[in-house]
Amino acid sequence: MSPETFSWPHDPATSATPIATSALEVRELAAGTQTLRILDARISVCRACPRLVAWREEVAVQKRRAFIDDEYWGRPIFGFGPIDARVVIVGLAPAAHGGNRTGRIFTGDESGNWLFASLNRLGLARTGTSTSVFDGQALINTRLLAAVRCAPPDNAPTTLERDTCRPWLARELALLTEAKVYVALGGFAWASLLATLEQIPKPKPKFAHGARVDLGDGRFLLASYHPSQQNTFTGRLTEEMLDDVLGAAASLITG
Ligand code: SF4
């Protein structure tokens, strides 16, 4: 995809996309959003979490030496993938020099390299890398998103930030009406999906790599360790382990 054919989302219903500046405004704007494209636009300008807004913008100005010539996105990261996706993969939050730099989730960092390579091996991504919004990458039957949309310091959002951002997640999941399989990458995403999805069995299932929950209506929730460098460098998560979980998701939508 060339820069000429890519466009950032905008809200065609208004001359300026409304900006959420508080948890209440996130709830109200998310609840009133009727299409995924408009939701993407509203997420992309959100400023409801002061600490995260300051961090994402500071990182975007200071930059990492390796990316000193890049223009960082420095804003919230909306989901990536088609509206009729049947597999929905949820991570924790954008990386400071990954998604926060490139503007696409799991793009421009090592976690993304692992994830997109696996998705490509399974026929769920056009190519095995994701380096920029202009790289021509496309997901197939799959949408990627984060439980928290802004890069947090130390990859650790606070409880308040997690809860403030949750209405964006809840609305996105509601708008993804064809979704049949949800995959949580890591315990944080698992807990976020348990708190957001309906028909979660009680007691709530615990996170474990390879866990599978039948939501009872033809939908499933699966779990994988997050493809963070901490997990992949130590061998806690191997390519085969990630392929097994994502392959199970691919099988569930075709079976
Ligand atoms: S983390 Fe979510 S709620 Fe907080 S500023 Fe970013 S997009 Fe808004």
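Residues numbered from 1 in each chain as written. Predicted model: local features only at pLDDT ≥ 70, side-chain atom pairs only at ≥ 80, totals over all residues.

**Some remarks on helix α7 (residues 187-196)**
Okay, so step 1: Buried within α7 we find Phe188, Ala189, Trp190, Ser192 and Leu193.
Okay, so step 2: Buried residues along α7 sit in contact with β1 (87-91), α6 (159-175), β3 (181-185) and β5 (220-224). (Buried ≥ 20, exposed ≤ 12 C-beta atoms within 10 Å, placed from the backbone. Helix = DSSP H or I, 4+ residues; strand = E, 2+ residues; numbered from the N terminus. Contact = placed C-beta atoms within 7 Å.)

**Comments concerning the pairing of β3**
Okay, so step 1: For β3, the tally of buried residues reaches 5 of 5 residues, placing the bulk of the element in the interior.
Okay, so step 2: Here β1 runs beside β3; their pairing, made up of 4 bridges, is parallel. Within β3, the residue paired with Val87 across the bridge is Val181.
Okay, so step 3: The pairing of β3 with β5 spans 5 bridges and is classified as parallel. If you follow Leu185 over to β5, its bridge partner there is Ser224. (Pairing = 2+ DSSP bridges.)

**Details of the nonpolar core**
Okay, so step 1: By size, the foremost hydrophobic cluster in this structure holds 66 residues, and its most contacted members are Val87, Val90, Ala146, Ala147, Val183, Ala184 and Ala189.
Okay, so step 2: Once residues within four sequence positions are removed from consideration, Val183 is found in contact with Val87, Ile89, Leu222, Ser224, Val245, Leu246 and Ala249. (Core = buried A, V, L, I, M, F, W, Y, C linked by C-beta atoms within 7 Å.)

**Remarks on the environment of Ala249**
Okay, so step 1: Residue position: Ala249 is located in helix α9 (residues 239-254).
Okay, so step 2: Using a count of 26 C-beta atoms within 10 Å as the deciding quantity, one classes Ala249 as buried.
Okay, so step 3: Linking Ala249 and Ala95, residues 154 residues apart in sequence, is a C-alpha distance of 25 Å.
Okay, so step 4: Setting aside residues up to four positions removed in sequence, Ala249 forms contacts with Val87, Val181, Val183 and Leu222.

**Remarks on the site of the ligand**
Okay, so step 1: In the region of the ligand, 16 residues are neighbours, and Cys46, Cys49, Pro76, Cys150 and Cys165 sit closest.
Okay, so step 2: Breaking the shell around the ligand down by element, the ones donating at least two residues are α3 (50-62) and α6.
Okay, so step 3: Its residues placed into classes, the shell around the ligand shows 12 nonpolar, 1 polar and 3 charged. (Near = placed C-beta within 6 Å. Nonpolar A, V, L, I, M, F, W, Y, C, P; charged D, E, K, R; others polar.)

**Topic: the packing of helix α1 (residues 23-31) against α6**
Okay, so step 1: Across the interface, α1 lies against α6 with an axial gap of 8 Å and an inter-helix angle of 5°. Judged by the angle between their axes, α1 and α6 are roughly parallel. Contacts between α1 and α6 involve Ala23, Val26, Arg27, Ala30 and Ala31 from the former and Thr164, Pro167, Trp168, Ala170 and Arg171 from the latter.
Okay, so step 2: Looking at the contact of α1 with α6 residue by residue, the classes come out as 7 nonpolar, 1 polar and 2 charged. (Axes fitted to C-alpha atoms, helices over the stretch in contact; angles between N-to-C directions. Parallel < 35°, antiparallel > 145°, perpendicular 65-115°, else oblique.)

**Focus on the pairing of β1**
Okay, so step 1: Where burial is concerned, most of β1 is hidden: 5 out of the 5 residues are buried.
Okay, so step 2: Both β1 and strand β2 (residues 142-146) contribute to a ladder of 5 bridges, which runs parallel. In the sheet register, Val90 faces β2, and the bridge partner there is Leu145.

**Brief notes about α1**
Okay, so step 1: Where α1 is concerned, the buried positions are Val26, Leu29 and Ala30. For α1, the buried positions fall inside an angular range of 95° around the axis, keeping them on one side. Exposed residues on α1 whose side chains face more than 90 degrees from its buried face are Leu24 and Ala31.
Okay, so step 2: For α1, the secondary structure elements touched by its buried residues are α2 (36-44) and α6. (Arc of directions from axis to C-beta.)

**Some remarks on the sheet that holds β5**
Okay, so step 1: Overall, mixed pairing links the 5 strands, which are arranged β2-β1-β3-β5-β4 in an open sheet. Here the strands that pair on one side only, and so sit at the sheet edges, are β2 and β4 (212-214). Across this sheet, the average inter-strand angle for adjacent strands is 20°, counted without regard to direction.
Okay, so step 2: Across 3 bridges, β4 lies against β5 in antiparallel orientation. Within β5, the residue paired with Arg212 across the bridge is Leu222.

**A look at the packing of helix α5 (residues 110-121) against α9**
Okay, so step 1: For the pair α5 and α9, the least separation of the axes is 10 Å and the interaxial angle reads 55°. Looking at the two axes, α5 sits oblique to α9. Between α5 and α9 the crossing geometry is right-handed. Between α5 and α9, the contacting residues are Trp114, Ser118, Leu119 and Arg121 on the first element and Glu239, Leu242, Asp243 and Leu246 on the second. (Left-handed = near helix turned anticlockwise from the far one by under 90°.)

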